[in-house]
Amino acid sequence: MAHPCELNILCDKNSGNNVEDRVKMALSLGYEVIVMNNFIPEFYTKKKKKGQEKTVPVPEASEIKIPEHIWKEFKKRYKNIQQCTRFTTVITDAAQMHGLTKQKELKGYDITAVQPTTEKLFHNCCTSDDVDIITFDMTEKIPFKIKRPSINKALEMGIHFELTYSPAIRDPTLRKHSIRNAIKILTVCKGKNVVLSSGCERAVELRGPSDVANLGILFGLNEAQAKEAVSSRCRAVLLHAEARKTIRGTAVMKVTPVVDISQKLQSSTESQKNSLQTTSELMPDESDKSDCNGLKEDRRTGNVSESSFRKRLHEKDTDFQFEDTVSSVSKKSKTVNVVDS
Amino acid sequence: MYRRIVSKGKAEYFYLHVTLEFEDFEDVPVDAIKFKTIIVDALQGLFGLAGASIPADILKFHQPKRSAVLRVPSSGFVKLWSSLTLLGTCMGRRCAFRVHQVTPHLMALSANSREWQL
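Residues numbered from 1 in each chain as written. Chains lettered and ligands numbered in written order. Predicted model: local features only at pLDDT ≥ 70, side-chain atom pairs only at ≥ 80, totals over all residues. Heavy atoms only, no water.

## A closer look at the overall build of chain A
Item 1. Per the secondary structure count, chain A includes 16 helices and 11 strands.
Item 2. Burial analysis of chain A (341 residues in total) assigns 46% to the buried set.
Item 3. The contacts of chain A with a sequence gap of at least 6 include a subset with a gap of at least 24, amounting to 77%.
Item 4. Surface exposure of chain A reaches about 18200 Å², of which carbon and sulfur atoms provide 51%. (Helix = DSSP H or I, 4+ residues; strand = E, 2+ residues; numbered from the N terminus. Buried < 20%, exposed > 50% of the residue type's maximum accessible area, 1.4 Å probe, protein only. Contact = heavy atoms within 4.5 Å. Areas by Shrake-Rupley, 256 points an atom, 1.4 Å probe, with all protein chains shown as cover.)

Okay, here's the thing in structure tokens:
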């Protein structure tokens, strides 16, 4: 279980001033990635009569982070630690989904999470490009039915579902609800793309990564999935967020006829060339690489500028290009639509 | 001089090294009997009477630190661990069970590399 990750340490204004205590506790329990969560239930409302949009001011991502000098102290004690930011909101209206992309402050946050309130909005969230995590209110019954087609879409998009366990620790009645909700979600999505996080308000409500994994087994995950839910799935969320923020474009693909390659191969064998040269032809050439670099430069760099992330993303990019010959990479999906039509 | 031991199948028992922690590192006196009651209550709170019947034994108890080594049959291991995890309050105070080590072999509890101060 490499890199255990705590995806939800609440740090809005209502949660009090014990954020540092909680982060300290999380680090001492063995978490290596700490995500500071800013939960604002309503940040975007639309006035019905005038049609004006009103937005609630969202604090910058840097404001909710642990101050640099304190973080340095932590870094001396615990190696390889990292902090990220996350924005969570409740979706009660389809227009709010639109607002997620509009507001400038939100671009500073690493992860975007939403909490849908109806079945239709849940489906919208599952198909959205701007969402990393779909979370649920574990303190009460989920007010809608979760359907498999929506989940399939979300799995396709790489969106994860979050289960928070700290309500279960806080109060026996809340425990009932949260266990029921967790089992409900896990039976529909069969344990795929699930992350477990705390959502704690106090330091005592935090539990160690193995404890949480064991709790996952109780909720109905198998052992491997339970371990993944606190480690590699969380990593996947961060990578998804990074990919979502950095790559704002689509690739137009062209199918190269297979005959051409075989002819080339034949011609190469006839002229008794080395196999090295044929492989060099198959490898993406310099122009493709430069395209990729152009994309990389285009990335709006968030706060997670970890080299490991970039490396993995870069690997993904090159793999992708190796399989399909990318003829042109356009910057915005809108322009691609125009080209297609 | 060594002896090779091969264990086949599931382990019969699991052993847990746990500590009971209170909020703000409060010093609440807890003796072994009270400790056992807290554990049984936690089991009963999550799994009812069927859970309370799981035989969780305290092998060793260190009173000043409120830490203990527990033994539980492997069938009730997940239940015991999860009920310890979900315990939030006892004796009217907020508390948490910190599980340091979990093992099917008691020998493994002799050292804990995670708590070394380098």
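Back to the write-up after that little detour.
## Focus on the overall build of chain B
Item 1. Looking only at helices and strands, chain B has 2 helices and 5 strands in total.
Item 2. Taken over the C-alpha atoms alone, chain B extends approximately 50 × 40 × 20 Å along its principal axes.
Item 3. Counting every position in chain B, which comprises 118 residues, the buried fraction comes to 41%.
Item 4. Contacts in chain B between residues at least 24 apart in sequence constitute 70% of all its contacts with a sequence separation of at least 6.
Item 5. In the form shown here, chain B has an accessible surface area of approximately 7400 Å², with 54% of it arising from carbon and sulfur atoms.
Item 6. Positive and negative side-chain charges of chain B, numbering 15 and 10 respectively, have mean locations separated by a distance of 12 Å. (Lys, Arg positive; Asp, Glu negative; His and termini not counted. Charge placed at Lys NZ, Arg CZ, Asp CG, Glu CD.)

## Here's the deal with the UniProt feature "domain: Ribonucleases P/MRP subunit Pop8-like" (unreviewed entry) in chain B
Item 1. The UniProt entry lists residues 12–85 of chain B under the feature "domain: Ribonucleases P/MRP subunit Pop8-like" (unreviewed entry), expressed in the numbering used here.
Item 2. A distance of 22 Å separates the end C-alpha atoms of residues 12–85 of chain B, which is 41% helix and 31% strand. (UniProt positions renumbered as here; feature names shortened; annotations may be inferred.)

## Remarks on unusual backbone geometry
Item 1. Backbone geometry at Asn 80 of chain A places phi at a positive 55°, although glycine is not the residue there.
Item 2. With respect to the element layout, Asn 80 of chain A can be found in the loop between α3 (68–77) and β5 (82–91).
Item 3. In this model, Met 91 of chain B sits at a positive phi of 55°, which is unusual for a non-glycine residue.
Item 4. Assignment of secondary structure puts Met 91 of chain B in the loop between β4 (89–90) and β5 (93–103).
Item 5. Owing to a relative accessible area of 32%, Met 91 of chain B belongs among the partly exposed residues under this scheme.

## Thoughts on the interface of chain A and chain B
Item 1. If you look at the interface, chain A gives 19 residues, while chain B gives 20 residues.
Item 2. Summed over both sides, the interface of chain A with chain B buries roughly 1700 Å², with 57% coming from carbon and sulfur.
Item 3. Among the residues chain A hides against chain B, the three largest losses belong to Val 204, Arg 207 and Asn 214 of chain A. Together they make up 31% of the total.
Item 4. For the interface between chain A and chain B, the tally reads 2 salt bridges.
Item 5. Among the salt bridges present, the one from Arg 94 of chain B reaches Glu 205 of chain A, with a minimum N-O distance of 3.8 Å.
Item 6. The tally of links between chain A and chain B comes to 6 residue pairs in polar contact (both at pLDDT 80 or more).
Item 7. When residues of the side of chain A that touches chain B are traced back to their parent elements, those giving at least two are α7 (166–170), α8 (172–189) and α9 (209–219) of chain A.
Item 8. The element that contributes the greatest number of residues to the side of chain A that touches chain B is α9 of chain A, accounting for 6 residues. (Buried area = accessible area lost by both parts, 1.4 Å probe. Salt bridge = Lys/Arg side-chain N within 4 Å of Asp/Glu carboxyl O. Polar contact = N/O pair within 3.5 Å; in protein donor to acceptor, adjacent residues only side chain to side chain.)

## Looking at the pattern of salt bridges
Item 1. Summed over the entire model, instances satisfying the criterion amount to 11 salt bridges over all chains.
Item 2. With a closest N to O distance of 3.3 Å, Lys 147 of chain A and Glu 119 of chain A form a salt bridge. One end of the pair, Lys 147 of chain A, is in the loop between β7 (133–135) and α6 (148–157); the other, Glu 119 of chain A, is in helix α5 (residues 119–126), with 28 residues separating them in the sequence.
Item 3. On the accessibility criterion, Glu 119 of chain A (31% relative accessible area) is partly exposed.
Item 4. The network of salt bridges with common partners includes Arg 170, Glu 201 and Glu 205 of chain A together with Arg 94 of chain B.

## Side note on the packing of aromatic side chains
Residues and elements named next belong to chain A.
Item 1. The final tally for this structure, using the stated rule, is 10 aromatic pairs over all chains.
Item 2. On the basis of an interplanar angle of 20° and a centroid distance of 6.4 Å, the ring pair of Phe 136 and Phe 161 is categorised as stacked. Linking Phe 136 in the loop between β7 and α6 with Phe 161 in strand β8 (residues 160–164), this pair joins segments that are 25 residues apart in sequence. Neither residue differs from the other here; Phe 136 and Phe 161 are each classed as buried. (Phe/Tyr/Trp six-rings, centres within 6.5 Å; stacked < 30°, edge-to-face > 60°.)

## A closer look at the pairing of strand β1 (residues 5–10) of chain A
All names here are of chain A.
Item 1. Buried residues dominate β1, accounting for 6 of its 6 residues.
Item 2. The sheet contact formed by β1 and strand β2 (residues 33–39) spans 4 bridges and is parallel. In the sheet register, Glu 6 faces β2, and the bridge partner there is Ile 34. (Pairing = 2+ DSSP bridges.)

## Thoughts on helix α1 (residues 32–52) of chain B
Because an α-helix packs 3.6 residues into every turn, residues spaced three or four apart end up facing the same way.
All names here are of chain B.
Item 1. For α1, which comprises 21 residues, the first-to-last C-alpha distance of 17 Å sits more than 12% below the rise-based estimate of 30 Å (1.5 Å per residue).
Item 2. Its axis deflected by about 115° at Leu 46, α1 carries its strongest bend there.
Item 3. Turning to α1, its buried residues are Phe 35, Ile 38, Ile 39, Ala 42, Leu 43, Leu 46 and Gly 51. (Expected span 1.5 Å × (residues − 1). Bend = angle between axes of the 7 residues up to and from the residue.)

## Some remarks on the nonpolar core
Item 1. Among the nonpolar cores identified, the biggest contains 67 residues, and Val 23, Ile 134 and Phe 136 of chain A are the most heavily contacted of them.
Item 2. No other element matches the 6 residues that α8 of chain A contributes to this core.
Item 3. Ignoring anything within four residues of it in the chain, the contact list for Val 23 of chain A reads Ile 9, Ile 34, Met 36, Ile 66, Trp 71 and Phe 74 of chain A.
Item 4. In terms of nonpolar packing, the next biggest core, distinct from the first, is built from 26 residues, Leu 16, Phe 77, Cys 95 and Phe 97 of chain B among them. (Core = buried A, V, L, I, M, F, W, Y, C linked by side-chain atoms within 4.5 Å.)

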